[in-house]
Every structure is written in C-alpha cells, then in structure tokens.
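Chain by chain, the residues run as shown.
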Amino acid sequence: MNYFSSNFKLGILGGGQLGKMLLYNTRKFDIYTCILDSSNEAPSKIACDEFHLGDLMDYDAVYNFGKGVDVLTIEIENVNVDALEALEKEGKTVYPSSKTLRTIQNKATQKLFYQDNNLPTAPFSRFAYRSEIEDAIINGGLEFPFVWKAAQFGYDGNGVKIVKQLSDLKDLPKGECIAERLVPFKNELAVIVTRNASGATKAFPVVEMEFHPEANQVEYVICPARVSDTVAQRATEVALKVSEAFNHVGVLAVEMFQTEDDTILINEVAPRPHNSGHQTIEASYTSQFEQHLRAILDLPLGRTDSKVGGVMVNLVGAEGYSGRVIYENIENIMTMDGVTPHIYGKKETRPFRKMGHVTIVNEDLNEARRIAEAVKKSIKVISV
C-alpha cells in the first residue's frame, strides 16, 4: 500500500501531546491523519488533516471514526475496546489489537498475563473491592507494607499508593484493585521495544527513570541507564519477551524494577509512545514516534541506538498555580547548550499536569544530567 502523498488515512485515537509528537512524523512523511478526541482544544488539532470531536470511551464514536480510516492506532489506552474488536472483525487494521488493549487496560489482568506467560513481576493479590484488602490484612493473608494500585484508569502516579498501615486505605477508591508486594529496588528502568506486523523487532537503549517524590511522576529520564551491561541486557531481554507474548505491533514501553540483587521485575507496560522515550527525538537516530509509525504500517524499522547521551526533564504545572499557562524563564534554559524545549500546547495549567518536556543532549552523560537539574531549577510552569 502507498502511504505517502496518497489517499491512505491513518486514524489516531487521542489528541494529546503524544498524538501531537506522532504527527511531527506523519507530516514529515506526508501521511494523511485523522484524530478523535473529546476536547476541542486537544494539542493534536493544529497538526492533523481531520479532527473529530468525540468521547474515546463511547462505542459509536470510536466505531464510526474507525470506519472512516485505513489503519487505526492509539495515543492513550483508555478507549472503547468493544468498538475496536468490532472493527477488527470487519477487517479493519487496528494496532495495538483490541486483545492487547483489553489485557493492558486492567492492571489486574495485566499482572495475571505476566504470571501466565512466566514473565517476572512482583507478587500480588487481586481484590474486587477495597474492603477485601482489609479482611486479608486482619486474617493474615496480606502484610504491610504493600503497593495498592487501582485496576483501571490510573495514570501519571494517580491510582497508586504505598500502604503502610490500615488507615492508609481510608480515602482510596472502593473498586477493583491489586495489592503488590513492596519490592526493594535500586533503579526504575524502561525499555521501548518496537515490533512491526511482519514480526521484526528492535529495542531502544535501556533508560533510567528518576521520580518526583511527591507526585510519583517521572522527573528525569536518563539514556543510557547508568547500569552494568549485564543488567541492561537482562532488561532488554525481558522487554522483548513481553512484546512477543503480547504479539504486539507498534511501540511498547516496558517499565521495570532493578532489585537489590539485580533481578529484573516488570512493573507495567504502555502499548504506545511513552514518556520514557521522549529523549529519542533529539538523542536517537530514529525517534520512538517515527518507529511507531514504521511498525504499524509494516515498514522497515529504523536504527534505535543513540547518537549522543540524552536526559529528558518533564515540565509539569507548579503547585499552587491553576489557569492560563506561563513558562517562566524559558528563555534562560534556551541559552544552555544542548537544550531543546517541547511545549505540548495545553493552554491551562494545574499542579503536576504534564505541560511539556525538555531534552538535554551531551557527549558526557553526567554533564547532561547536571544541565538537566539546572533546567529543572530554572524553568517554572505557572499561570497568569
């Protein structure tokens, strides 16, 4: 099929910043794109060929949108899977598949998938209701501390809490959840694997993630991860096995823990471009966004190694500020060598909302990390 400068239409469910960055590459290749999003101010609206307003969880909205495109992909997991399944049965190409999405959307079924496929992950228990956790604690079936995770709709640190005592459960949602053993770890790592429809796979270098202590959001992504070659190889092998088990097509971000004894445990996955791969835009020969396009269109996969060391800094809304956004001191960071800001186009800020990111590239990774900290201290996302 001819995708370039043709009548081919690529549909993307979701019009957030990931969609916007994916569109950088569809415009480069002159691929016609259609976006479905529930917000008329979605960041992707300015760069697509067609913008459709609709609820991503609404069956009819997703189904009707999908009928009008040739290949359908996502930039967010929370979409109506039943509609995708119906489209697949009618012969529509959908990546990732409805089967993969159905498993990943629910953290409990996702964890069971790892267990069933002999993939390493932390021990866990599944609960239909929060009250069942309290019963398990009282009866000795569950011990403190553990990590509570909502089964669905968690994102960017929401839906996750370390529970150290019974009172910590008080304000948590009452629905389906998992309780995961709190595993001591050295590092949080991630590997982005790409697999095209013909089965060819490639992995980007292992990255190291540093988290904000309060928001539980990624604050820095460091590439390559400062780990031994042996640990990097283990992490990459695990990520490739996960992609194969899902029979996934597209980009798959696999987040992992490196334990104290260097065991690799899967935390969770995202079947789309991911925050842990943003540095690939400047630092790699092929960005994760271009690679995702190559995969879902069954084109040859691009080179995944890095041209230079890279560190990514998330720009999130400052505490105490809500309203029309201002990027304070952005001119100052642009005077620093190797610094590239990406502004997502969200007009309204609020505390800890992802508003952009900054990539720092440098031949010396330690210097890149130092500059990244200077960037973090300098720029502030506030409001009018």
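What this report covers is the structure whose coordinates are included nearby.

With that settled, the discussion passes to unusual backbone geometry. Backbone torsion omega between Y95 and P96 reads 0°, so that peptide bond is classified as cis. Inspection of the secondary structure puts P96 in the loop between β5 (93-94) and α4 (98-105). Between F144 and the following residue, P145, the backbone shows a cis peptide bond with an omega angle of -10°. Mapped onto the fold, P145 is located in the loop between α6 (130-138) and β7 (146-150). For N247, which is not glycine, the phi dihedral falls at a positive 55°.

Take the packing of α4 against helix α5 (residues 107-116) next. Between α4 and α5, the shortest axis-to-axis distance is 5 Å and the interhelical angle comes to 110°. The angle between the axes of α4 and α5 places the two elements in the roughly perpendicular class. Of the residues in α5, those touching α4 at R102, T103, I104 and Q105 are K107, T109, Q110 and F113. Grouping the amino acids of the contact of α4 with α5 by side-chain chemistry returns two nonpolar, four polar and two charged.

Spatial strand order, β6-β9-β7-β8: four strands in an open sheet with antiparallel pairing. Two strands close off the open sheet at either side, each with one partner strand: β6 (124-127) and β8 (160-163). Between one strand axis and the next, the sheet turns by 20° as a mean value, whatever way the strands run. In terms of strand pairing, β7 meets strand β9 (residues 177-181) through five bridges, oriented antiparallel. Along β9, the bridge assignment pairs K149 with I178. Across the sheet, α5 is in contact with β6, β7 and β9; its angle to β6 comes to roughly 140°.

So, how was this worked out
- Residues numbered from 1 in each chain as written.
- Predicted model: local features only at pLDDT ≥ 70, side-chain atom pairs only at ≥ 80, totals over all residues.
- Heavy atoms only, no water.
- Helix = DSSP H or I, 4+ residues; strand = E, 2+ residues; numbered from the N terminus.
- Axes fitted to C-alpha atoms, helices over the stretch in contact; angles between N-to-C directions.
- Parallel < 35°, antiparallel > 145°, perpendicular 65-115°, else oblique.
- Contact = heavy atoms within 4.5 Å.
- Nonpolar A, V, L, I, M, F, W, Y, C, P; charged D, E, K, R; others polar.
- Pairing = 2+ DSSP bridges.

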